[in-house]
Amino acid sequence: MTQVGEPRTETGVGLDRVHHWIDGARVAGASGRFGPVYDPALGTIARTVDFASVDEVDAAVASAAAAFPAWRATSLSRRTEILFRVRNLVEAHRTELRRT
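Since this is a predicted model, take the numbers as computed values, not measurements. Residue positions are counted from 1 within each chain, in the order its sequence is given. Restriction of local features to residues with pLDDT of at least 70 applies here, the model being predicted, together with a cutoff of 80 or more for giving and counting side-chain atom pairs; totals for whole chains, interfaces and linings are based on all residues. Values reported for side chains reflect all heavy atoms of the structure, with hydrogen atoms and water molecules removed beforehand.

I'm lost on the pairing of strand 5 (residues 44-50) in this one. Help?
It is a general feature of regular strands that their side chains alternate between the two faces of the sheet. Whether two strands pair comes down to DSSP finding at least two bridges between them. Put simply, DSSP marks the helices as runs of H or I at least four residues long and the strands as runs of E at least two long, and each gets a number from the N terminus on. Bridge count between strand 1 (residues 16-18) and strand 5: three bridges; the pairing is parallel. Following the sheet pairing, Val18 is matched in strand 5 by Val49. Here strand 4 (residues 34-39) runs beside strand 5; their pairing, made up of six bridges, is antiparallel. Bridge assignment links Pro36 to a residue of strand 5, and that residue is Thr48. Count of turn residues in the strand 4/strand 5 antiparallel hairpin: four residues, of which Gly43 carries a positive phi of about 75°.

Printed below as a string of C-alpha cells:
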C-alpha cells in the first residue's frame, strides 16, 4: 500500500534532499514545501523531496517543450539506442544510485 505524506514545511534536518532537475541542472525547490521519500525495503523515511511551485512546474514544462522538437527529429533507432544506454548505466550503477 502506498502512503502519501502530508506536505511539510519544517527543515527535514538530517535527511538528504531530492531537488528538481530542470534544463539539465539540479534546482532546489523554492516553494518551501517538501515530503518524505520512503525506503520501501525498510519502511523508513530515507530522504525528503522538494515539492514544486507553479513557477517551477512551468519552467520544467517549458524546458521539456523546448527539447521535444530535437527529440522528435531523432531517428527511432537512435532514440532506442539512447534509452538502452540509460538503462545500462542505471543497471551498472545501481548500488551507487541507491545511496544517492
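Any chance you could explain the side chain of His20 here in plain terms?
Looking at where His20 falls in the secondary structure, it is placed in strand 2 (residues 20-22). At a separation of 3.5 Å, a polar atom in the side chain of His20 contacts the side chain of Glu56. Those residues in contact with His20, other than ones at most four positions away along the chain, are Ala25, Arg26, Val27, Ala28, Gly29, Asp50, Phe51, Ala52 and Glu56. We define a polar contact as two N or O atoms separated by no more than 3.5 Å, with the added condition that, inside protein, one atom must be a possible hydrogen donor and the other a possible acceptor, whereas residues neighbouring each other in sequence contribute only through side-chain atom pairs. We call two residues in contact when some of their heavy atoms are within 4.5 Å.

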